[in-house]
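Analysis of the macromolecular model
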Amino acid sequence: QVQLVESGGGLVQAGGSLRLSCAASGRIFSINAMGWYRQAPGKQRELVAVITSGGSTNYADSVKGRFTVSRDNAKNTVYLQMNSLKREDTAAYYCYARVTVVAESYEYLYWGQGTQVTVSS
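Report follows, based on the coordinates. Every chain begins its residue count from 1, and numbering advances along the sequence as written. Residues qualify for local features only when their pLDDT is at least 70, as the model is predicted, and side-chain atom pairs are given and counted only at 80 or more; totals for whole chains, interfaces and linings, by contrast, use all residues. Excluding hydrogens and water, the side-chain figures rest on all heavy atoms present in the structure.

With respect to the overall build of the protein
- Secondary structure assignment for the protein yields zero helices and 11 strands.
- A run of H or I in DSSP counts as a helix once it spans at least four residues, and a run of E counts as a strand once it spans at least two, with each numbered from the N terminus. Ordered by position in the sequence, the α and β elements of the protein form the string β-β-β-β-β-β-β-β-β-β-β.
- In this description the radius of gyration comes from C-alpha coordinates, and the expected globular size is given by 2.2 Å times residues to the power 0.38. Taking 14 Å as the expected radius of gyration for a compact globule of 121 residues, we find that the protein reaches 14 Å, a close match to that expectation.
- C-alpha atoms of the protein, sized along the principal axes, occupy 50 × 25 × 25 Å.
- Each residue is assigned to one of three classes by its accessible area relative to the maximum for its type, calculated with a 1.4 Å probe on protein chains only: buried under 20%, partly exposed between the two thresholds, exposed over 50%. The buried share of the protein, reckoned over its 121 residues, is 43%.

Some thoughts on the state of the cysteines
- Any two cysteine sulfur atoms lying within 2.5 Å of each other are counted as a disulfide. A full pass over the atoms with the stated rule returns one disulfide.
- Between the sulfur of cysteine 22 and that of cysteine 95 lies a disulfide, 2.0 Å long from S to S. Of note, the bridge from cysteine 22 to cysteine 95 carries an S-S torsion of about 50° and is right-handed in sense. Pair noted here: cysteine 22 is in strand 3 (residues 18–26) and cysteine 95 is in strand 9 (residues 91–101), with a separation of 73 residues, a long-range link.

Things to note about the packing of aromatic side chains
- Note on aromatic pairs: the rings of Phe, Tyr and Trp (six-membered ring only in Trp) are paired at centre separations within 6.5 Å, and the planes decide the class, stacked below 30 degrees, edge-to-face beyond 60, tilted for the rest. With the rule as written, the count across this model stands at four aromatic pairs.
- A ring pair is formed by tyrosine 37 and tryptophan 111, whose centres lie 5.4 Å apart and whose planes are at 65°; its orientation type is edge-to-face. Of this pair, tyrosine 37 sits in strand 4 (residues 28–39) while tryptophan 111 sits in strand 10 (residues 107–111), and the two are 74 residues apart along the sequence.
- Each ring, one from tyrosine 108 and one from tyrosine 110, has its centre 6.4 Å from the other, and the planes form 55°; the classification is tilted.
- Judged by its relative accessible area of 31%, tyrosine 108 falls in the partly exposed class.
- Taken together, the ring pairs in this structure connect Tyr37, Tyr96 and Trp111 into an aromatic cluster.
- Both a distance and an angle decide whether a charge sits over a ring: NZ of Lys or CZ of Arg must be within 6 Å of the ring centre and within 35 degrees of the ring normal. The cationic tip of arginine 19 hangs over the ring face of tyrosine 79; the distance from NZ or CZ to the ring centre is 4.1 Å.

Considerations on the sheet that holds strand 3
- Taken in spatial order, the four strands of this open sheet run 1-3-8-7, and their pairing is antiparallel. The outermost strands of the open sheet, each flanked by one partner alone, are strand 1 (2–7) and strand 7 (67–72). Mean inter-strand twist for the sheet, computed between neighbouring axes without regard to direction, equals 15°.
- If DSSP finds at least two bridges between two strands, the strands pair. Bridge count for strand 1 against strand 3 is six bridges, and the pairing is antiparallel. Think of each axis as a best-fit line through the C-alpha atoms, taken over the contacting stretch in the case of a helix, with angles from 0 to 180 degrees between the N-to-C directions.

Here we look at the environment of valine 2
- Among the structural elements, valine 2 can be located in strand 1.
- You can call valine 2 buried: its relative accessible area is 8%.
- When the C-alpha atoms of valine 2 and tyrosine 110 are compared, they prove to be 7.2 Å apart, with 108 residues separating the residues in sequence.
- Only heavy atoms matter for contacts: two residues are in contact if any of them lie within 4.5 Å across the pair. When near neighbours in sequence (up to four residues on either side) are disregarded, valine 2 contacts Ser25, Gly26, Arg27, Ile28, Val99, Val101 and Tyr110.

Read these as geometric descriptors, not functional statements.
Right, dumping it as structure tokens:
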């Protein structure tokens, strides 16, 4: 009923920047929190950043001051601006959205397909 499509991953040198985008589409009535997780090989998936519908944000300690999450509610899109990238930021990044679907009363959690970010030294 709802699809999340990510873009913007790639290969970048340490110290560089990337911007990820994630657009939600489908039978959307409203979107509450949106955000990003990441998973590196051999590690558990971890929360990177989250933004509420009101614009409140929260970040993992490891990315504070370097990453910025934002959203365009008119476009149902969440962004992750990543600056001063480090090798340890290398991971698959997944966006998510908590969506209330049209004609339903429940909130569902949807995931993007993932986009790879690789930071080289």
